[in-house]
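Observations on chain architecture
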Amino acid sequence: MDRWGVLFFCLCLQTFQNVTAEASQELLRWMEKMEGPPRGRSTTPSLAQQVHILEQRLLNVSLGGYNLTLQTSTIQSLAFKLGCDFAGLSLSSAALKPVPQARDHHAMQFPAELTRDACRTGPRELRLICVYFFTDSFFKDDNNSSLLNNYVLGARLSHGHVNNLTDPVNISFWHNQSLEGYTVTCVFWKEGASKRHWGAWSSEGCRTEQPSPSQVLCHCNHLTYFAVLMQLSPAPVPAELLAPLTYISLVGCSVSIVASLLTVLLHFHARKQSDPTARIHMNLHTSVLLLNVAFLLSPALALPTVPGAACVALAATLHYALLSCLSWMAIEGFNLYLLLGRVYNIYIRRYVLKLCALGWGLPALLVLLPLAVKSSVYGPYTISSSQENGTAFQNVSICWVRSPLVHRVLVMGYGGLTSLFNLVVLAWALRALRRLRARAEVRGARACRDTVTVLGLTVLLGTTWALAFLSFGVFLLPQLILFTTFNSLYGFFLFLWFCSQRYRSEAEAQAEMEAFSSSQAMP
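Just so we're clear, the structure is a prediction, and the values are computed from it rather than from any experiment.

Among the six residues that make up strand S7 (residues 152-157), five are buried, leaving the element largely enclosed by the rest of the structure. Pairing geometry for strand S5 (residues 126-133) and S7, over six bridges, is antiparallel. The partner of Tyr132 across the bridge, within S7, is Leu153.

What follows is the structure, given as structure tokens:
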């Protein structure tokens, strides 16, 4: 009887092994089919369906032991049995069988709390699957984004989704390529985030580090498919300048906020709302105030713990404030042209109302259009910094424009046009005042004061923003310091100009009053 029992056990074991081997071979054939070209449009599953079928088969396949590893030339699949006593898991490509298309190492580290939510109802057997794609053909987005090494590393746990981990999943990507001129960002594949494709890349819940020039380390608080997004960017900010520039921005913007508030309050206290020029000045001060407030809030809302919608809203607000500020700079230049070039007959019906429609309405339209097309154009934007020896990297995130096209057209292009316009107005105004001074020698001192006034006004209304176009080569470091200093204190400089103009107006009014009193006192 014992002999028959042993024989029956061996027969069952052999049958189970054959079934397991057959299931593994079927799974391997599916992976090879995914790599091949589509055979028929009507019968071939979509990319999303292919990935989901692979996941379900990995979750349901019979394991001969505690794990299973299958691989093709571009796909590697792993499955693990886990219990509620899970203490963490580290996977490294160095310990796995090499994949032909995977030339650079990678690693994933899973925390012990991975199974916490799934085991709350009681002990159970769980399964962790990992799918590594060494091609980006399954994860194309609207921007045709470039991925580091073309690696997409995914993981999934049976019995529900895993998110909001306090101890994050660590994913390491090693590489042997130069990242100069690129910003690297850890991202995950967000299904349903695109209308043209089955998903889009998002950085929500992920934090990026570069422990060395050859490694990118991602810390993410959920399980899904991860990659490192490579975006063209300006040269990284030197690490030794990052802290001083941050301090200058913080102090300068805070001073500008106080100065702008004082200017607006003094304007309303003076009760000169009927003067169109004064109203234009106050609209400029308001836009500068909004710009500084939005900029100071931007780093705080770019943290991974803050909902992505809040960062998108603030990034759109910051972009709107910048475009409004640039628009009112150009309006100041246009108004200056009318004052100096068309001394007579410059009345325009509802002049200030039309300018407000241009200064506030046009930027709103330019922000809402890309936001309506694709909300991902705004969100966390990473600013890279590196030490001089290149051995350490640090990334700082703010809520800002993420789309390179939108940044080129609606930030650099718009700013370049307004700066160029104000420079042309400056040159024309100085030439006109020079002719005025040459014709009226008696009024030379007044013409000289007018020249200084126009120069100061036009410099404060846009010339310093032209420094943004000098961020290359030997100009980079001086440009960073000058641009940060001048433009963070922009509101304060406007306040000084407002005070000087007010003092000058009061002095001229007092002089005219004294002259009138003297003429009345004469017999």
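Now, onward.
Further remarks concern the pairing of strand S4 (residues 106-110). The buried fraction of S4 is high, at four of five residues. Note: strand S3 (residues 89-92) against S4, four bridges, orientation antiparallel. Counted as the bridge partner of Ser90 is Gln109 from S4. Bridging between S4 and strand S8 (residues 169-174) involves four bridges; their strand directions are antiparallel. Each bridged residue has a counterpart across the sheet, and for Met108 the counterpart in S8 is Ile171.

We now examine a nonpolar patch on the surface. A surface patch of nonpolar side chains, amounting to about 480 Å² of accessible area, comprises Phe334, Tyr337, Leu339, Leu340, Phe421 and Trp428. Looking at the nonpolar patch, the elements that each hand over two or more residues are helix H5 (308-341) and helix H7 (404-439). Here the nonpolar patch takes four residues from H5, the largest share from any one element. By the element assignment, Trp428 lies in helix H7.

What follows deals with the state of the cysteines. Throughout the structure, instances matching the rule amount to four disulfides. There is a disulfide in this structure between Cys311 and Cys399, and the S-S distance comes to 2.2 Å. Note on the Cys311 and Cys399 pair: the S-S dihedral is about -125°, so by sign convention the disulfide is left-handed. Residue Cys311 is located in helix H5, and its partner Cys399 is located in strand S16 (residues 393-401); the two are separated by 88 residues in the primary sequence. We note that Cys311, like Cys399, is buried. Sequence-ordered numbering of the disulfide-bonded cysteines in the chain gives the connectivity 1-2, 3-5, 4-6, 7-8.

Rules behind the numbers
- Residues numbered from 1 in each chain as written.
- Predicted model: local features only at pLDDT ≥ 70, side-chain atom pairs only at ≥ 80, totals over all residues.
- Heavy atoms only, no water.
- Buried < 20%, exposed > 50% of the residue type's maximum accessible area, 1.4 Å probe, protein only.
- Helix = DSSP H or I, 4+ residues; strand = E, 2+ residues; numbered from the N terminus.
- Pairing = 2+ DSSP bridges.
- Patch = residues over 30% accessible without salt bridge, like charges linked within 9 Å, V, L, I, M, F, W, Y side chains within 5 Å.
- Areas by Shrake-Rupley, 256 points an atom, 1.4 Å probe, with all protein chains shown as cover.
- Salt bridge = Lys/Arg side-chain N within 4 Å of Asp/Glu carboxyl O.
- Disulfide = S-S within 2.5 Å.

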